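Here is what each chain is made of, one letter per residue.
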Amino acid sequence: MKRLALILLAFALLPLVAEAGNGVPKKSVILDGLDLDSMRVRLDETDMQPLEGIWYYPNEEMTVGIERYRGKRNIGYRIILLDSPDINLVPGTVIGYIAASAVDSKYQLWLYSQRDKVTLKKPLECVATLNREATTFTFDPPRWKVKVRFNIARFLPTLFRGVSIVPEKTGETLPVGFRKMYPEGGTSTPFNRIRYL
C-alpha cells in the first residue's frame, strides 16, 4: 500500500516537475495597445524570422501574433492574443512561449491552460512543428492516460505484483495548430483559403 501511495504521489507531482525550471512565467502578462493593426506595424519594423507573423488558430477561432522575445534560457518567441470571440480574453494577452530545439522545424511550445480572472496560468508544454513553407505551425497537446490494476487474488505473488500500472495508447488524432495570415501575401487572408476577386 505504501508503494501505491508513492507511485500516485509521483504521478501527481509530474506536471509540477515538468513546469519547474523551464523559464516560462507562471502567469501571463497583458501588453497594452496590441491589436491586429499595431502588431502588423510592429512586425514590419523588424527583420522577421519564419516563425514570426500573425496566425489564425481555427480550433478556437482566435488570431494571435508571434514575435521574438528575449526571455530566460532558450525561450525565443512569445504568442500574443490579438482577436478572439471570447470577450473575457483581452487583446494583448500573452498566451504562450516558444523555444527552438536542435531540429530546425521542431519547437518547444508552452500554452497557458487555465484562467485566473483576466490573466492566464499553468503553462503546459508540447512539441510543435513549423512546416517548410512556414505557413502552418502544428502541435499535439500532451495526453496522459494511465490504468492502475489491482489483482487481489493473484497467483505466484512473488512473480506477479498485486498492483500494476499500465500505460494505454490512445487513438491517433489530428494535430491542432496555427495557419499564417501575415506577412505572406500581405492580404490578411489565412493560407489555403480561396480569395475571390
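Here the structure is a predicted model, which is why all the values come from computation and not from measurement.

Cut-off values and rules
Residues numbered from 1 in each chain as written. Predicted model: local features only at pLDDT ≥ 70, side-chain atom pairs only at ≥ 80, totals over all residues. Heavy atoms only, no water. Core = buried A, V, L, I, M, F, W, Y, C linked by side-chain atoms within 4.5 Å. Buried < 20%, exposed > 50% of the residue type's maximum accessible area, 1.4 Å probe, protein only. Helix = DSSP H or I, 4+ residues; strand = E, 2+ residues; numbered from the N terminus. Contact = heavy atoms within 4.5 Å. pLDDT = per-residue confidence, 0-100. Phe/Tyr/Trp six-rings, centres within 6.5 Å; stacked < 30°, edge-to-face > 60°.

S.K.: Talk me through the nonpolar core; I want residue IDs and the actual numbers.
M.R.: Leu51, Ile79, Ile98, Leu109, Phe137, Phe139 and Phe178 are the most contacted members of the largest nonpolar core, which has 41 residues in total. No other element matches strand E3 (residues 75-83), which puts 6 residues into this core. Filtering out sequence-adjacent residues up to four positions away, leucine 109 remains in contact with Ile79, Tyr97, Ile98, Leu124, Glu125, Cys126, Ala128, Phe137 and Phe139.

S.K.: Now, about the confidence of the model for the protein: what can you tell me, with residues and values included?
M.R.: For the protein, per-residue confidence averages 78 on the pLDDT scale, and residues scoring 70 or more make up 65% of the total. Every residue in residues 4-21 is under pLDDT 50, and counting partners more than four places away or in other chains gives 11 contacts. The low-confidence segment residues 185-195, where pLDDT is below 50, has 15 contacts with residues more than four positions distant or belonging to other chains.

S.K.: Any details on the packing of aromatic side chains? Residues and values, ideally.
M.R.: For the coordinates displayed, the defined rule picks out 8 aromatic pairs. Considering the side-chain rings of tryptophan 55 and phenylalanine 137, the 6.2 Å spacing of their centres and the 50 degrees angle between planes classify their relative orientation as tilted. In this pair, tryptophan 55 sits in strand E1 (residues 53-57) while phenylalanine 137 sits in strand E7 (residues 136-139), placing the two residues 82 residues apart along the sequence. By the burial criterion, tryptophan 55 is buried, and phenylalanine 137 matches it. Among the aromatic side chains, those forming a connected cluster through ring pairs are Trp55, Tyr57, Tyr107, Phe137, Phe139 and Phe178.

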